[in-house]
Amino acid sequence: MIAPDLETGIDQLCDLVEGARVIAPFTGAGISTECGIPDFRSPGGIWTMMRPIEFGDFLASREMRDESWRRRFAMEEHFGAAKPGRGHLAISSLYQAGKVPAVITQNIDNLHQVSGIAAEHVVELHGNTTFATCLDCNRRYELAWVREQYESSGGRSPDCACGGYIKTATVSFGQAMPENQMKRAQELAETCDLFLVVGSSLVVWPAAGFPLLAKRNGARLVIINRDPTDFDEIADLVIRHDIGTALAQFIAQ
Ligand SMILES: [Zn+2]
């Protein structure tokens, strides 16, 4: 059901969180907008104005790899300055309290880790843009190093010592979903008793499958999102309000 107003919604959310044994949060772009990270997919977002570089093009062309890094460095003013918001802090508090074994996220901004959740307990469906890896040998590279190489060579992206291409640790369009992360997200959805969607419209595959899976396994479903989603009808509670405001009460003092 859709909460008639914010106050009622927060009261019901409190009861559901209190009564839950295992909460599986599933977060999307909406949790990070108050941190200054734009929602790429929203109307007016970057991806509606500039076609994203597909994985095949990244592999096929030196120009595309250079362009991909140029765009990434241009985004650094958003990613580099971002700090966890109230939604991140609330989830981190529930994690510290032992109610959240891990958080599933569509975001690539690393803010759950910064908020105090151990990296191994953040299931990143789309990877992480705050560092890079070699596509061949998987060696990790820091962005500062890549940028230094890029700038000192007049805008050419560096390759790995093994000859492989260095790419942000994100999952690009056309790139396979990380199997291990998908499996972990599925297990969380199956074993939680409260599936908590925060700031996702649940339209991007594979996001849409998890709330259904959780419901089928007997979990309660809560959706906190500014806009309606296709799953509002089967949700036990829907709060269509600002995420930070809806979750702020769970931040441990
Ligand atoms: Zn390598």
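Residues numbered from 1 in each chain as written. Predicted model: local features only at pLDDT ≥ 70, side-chain atom pairs only at ≥ 80, totals over all residues. Heavy atoms only, no water.

Caption draft 1: Structural context of the pattern of salt bridges. Evaluation of the coordinates by the stated rule reveals 14 salt bridges. Across the pair Arg 86 and Glu 34 runs a salt bridge, and its minimum N-O distance is 2.9 Å. Taken together, the residues span a long stretch of sequence, with Arg 86 in helix 6 (residues 86-96) and Glu 34 in the loop between strand 1 (23-27) and helix 2 (46-49) at a distance of 52 residues. Among the salt bridges present, the one from Glu 67 reaches Arg 70, with a minimum N-O distance of 2.8 Å. Pair noted here: Glu 67 and Arg 70 are both in helix 4 (residues 62-74), with a separation of three residues, about one helical turn. Using a relative accessible area of 40% as the deciding quantity, one classes Arg 70 as partly exposed. Overlapping salt bridges bring together Glu 34, Arg 86 and Asp 242 as one network. (Salt bridge = Lys/Arg side-chain N within 4 Å of Asp/Glu carboxyl O. Helix = DSSP H or I, 4+ residues; strand = E, 2+ residues; numbered from the N terminus. Buried < 20%, exposed > 50% of the residue type's maximum accessible area, 1.4 Å probe, protein only.)

Caption draft 2: Quick look at the sheet that holds strand 1. The six strands lie next to each other as 3-2-1-7-8-9, forming an open sheet whose pairing is parallel. Because the sheet does not close on itself, it has two edges, and the strands there are strand 3 (122-124) and strand 9 (237-239). Across the sheet, the mean angle separating the axes of adjacent strands is 15° when strand polarity is ignored. Looking at chain direction, strand 7 (residues 194-198) and strand 8 (residues 220-224) are connected through five bridges and run parallel. The partner of Leu 196 across the bridge, within strand 8, is Val 222. Packing against the sheet, helix 1 (residues 6-19) makes contact with strand 1, strand 7, strand 8 and strand 9, and its axis sits at approximately 135° to strand 9. The strands touched by helix 9 (residues 179-191) are strand 1, strand 2 (103-105), strand 3 and strand 7; relative to strand 3, the strand with the most contacts, the crossing angle is about 125°. (Pairing = 2+ DSSP bridges. Axes fitted to C-alpha atoms, helices over the stretch in contact; angles between N-to-C directions. Contact = heavy atoms within 4.5 Å.)

Caption draft 3: Highlighting the nonpolar core. In this structure, Leu 13, Val 222, Ile 224 and Leu 247 are the most contacted members of the largest nonpolar core, which totals 27 residues. Of all elements in the fold, only helix 1, helix 6, strand 7, strand 8, strand 9 and helix 11 (243-247) reach the threshold of two or more residues within this core. In contact with Val 222, not counting residues within four places along its chain, are Leu 13, Leu 16, Leu 194, Phe 195, Leu 196, Val 197 and Leu 237. Counting residues in hydrophobic clusters, the runner-up holds 25 residues, among them Phe 195, Phe 210, Ala 214 and Leu 221. (Core = buried A, V, L, I, M, F, W, Y, C linked by side-chain atoms within 4.5 Å.)

Caption draft 4: Geometry of the packing of helix 9 against helix 10 (residues 209-216). Running from amino to carboxyl end, helix 9 crosses helix 10 at an angle of 35°, the nearest separation of the two axes being 7 Å. Judged by the sense of rotation from one axis to the other, the crossing of helix 9 with helix 10 is right-handed. Counted together, Met 182, Ala 185, Gln 186, Ala 189 and Glu 190 of helix 9 and Phe 210, Leu 213 and Ala 214 of helix 10 form the full contact between these two elements. Broken down by class, the residue content of the contact of helix 9 with helix 10 amounts to six nonpolar, one polar and one charged. (Left-handed = near helix turned anticlockwise from the far one by under 90°. Nonpolar A, V, L, I, M, F, W, Y, C, P; charged D, E, K, R; others polar.)

Caption draft 5: Fine view of the coordination of the zinc ion. With distances of 2.3 Å, the protein atoms coordinating the zinc ion are Cys 134 (SG), Cys 137 (SG), Cys 160 (SG) and Cys 162 (SG). Taken together, the four donor atoms coordinating the zinc ion span angles of 103 to 118° at the metal, a pattern that classifies the geometry as tetrahedral. Classification of Cys 160 by relative accessible area gives buried; the value is 6%. For Cys 162, a relative accessible area of 45% corresponds to the partly exposed category. (Donors = N, O, S within 2.8 Å, 3.2 Å for Na, K, Ca; no water. Tetrahedral: all angles 85-135°; square planar, octahedral: opposite > 155°, others 65-115°.)

Caption draft 6: Highlighting the sheet that holds strand 6 (residues 166-170). Strands sit in the order 5-4-6 across an open sheet of three strands; the sheet is antiparallel. The outermost strands of the open sheet, each flanked by one partner alone, are strand 5 (140-142) and strand 6. Here the strands of the sheet are splayed against their neighbours by 45° on average, with no regard to which way each runs. Pairing geometry for strand 4 (residues 127-134) and strand 6, over five bridges, is antiparallel. Its bridge partner being in strand 6, Asn 128 is matched across the sheet by Ala 169. Packing against the sheet, helix 4 makes contact with strand 4 and strand 6, and its axis sits at approximately 50° to strand 6. Packed on one face of the sheet, helix 8 (residues 143-152) meets strand 4, strand 5 and strand 6 and runs near 70° to strand 5.

Caption draft 7: Layout of a negative patch on the surface. The grouping of Asp 5, Glu 7, Asp 11, Asp 15 and Glu 18 at the surface amounts to a negative patch. Relative to the elements of secondary structure, Asp 11 occurs in helix 1. (Patch = residues over 30% accessible without salt bridge, like charges linked within 9 Å, V, L, I, M, F, W, Y side chains within 5 Å. Areas by Shrake-Rupley, 256 points an atom, 1.4 Å probe, with all protein chains shown as cover. Lys, Arg positive; Asp, Glu negative; His and termini not counted. Charge placed at Lys NZ, Arg CZ, Asp CG, Glu CD.)

Caption draft 8: Structural view of the side chain of Ser 92. Tracing the backbone through its elements, the reader meets Ser 92 in helix 6. Ignoring sequence-local partners within four residues, the contact set of Ser 92 consists of Ser 115, Gly 116 and Ile 117.

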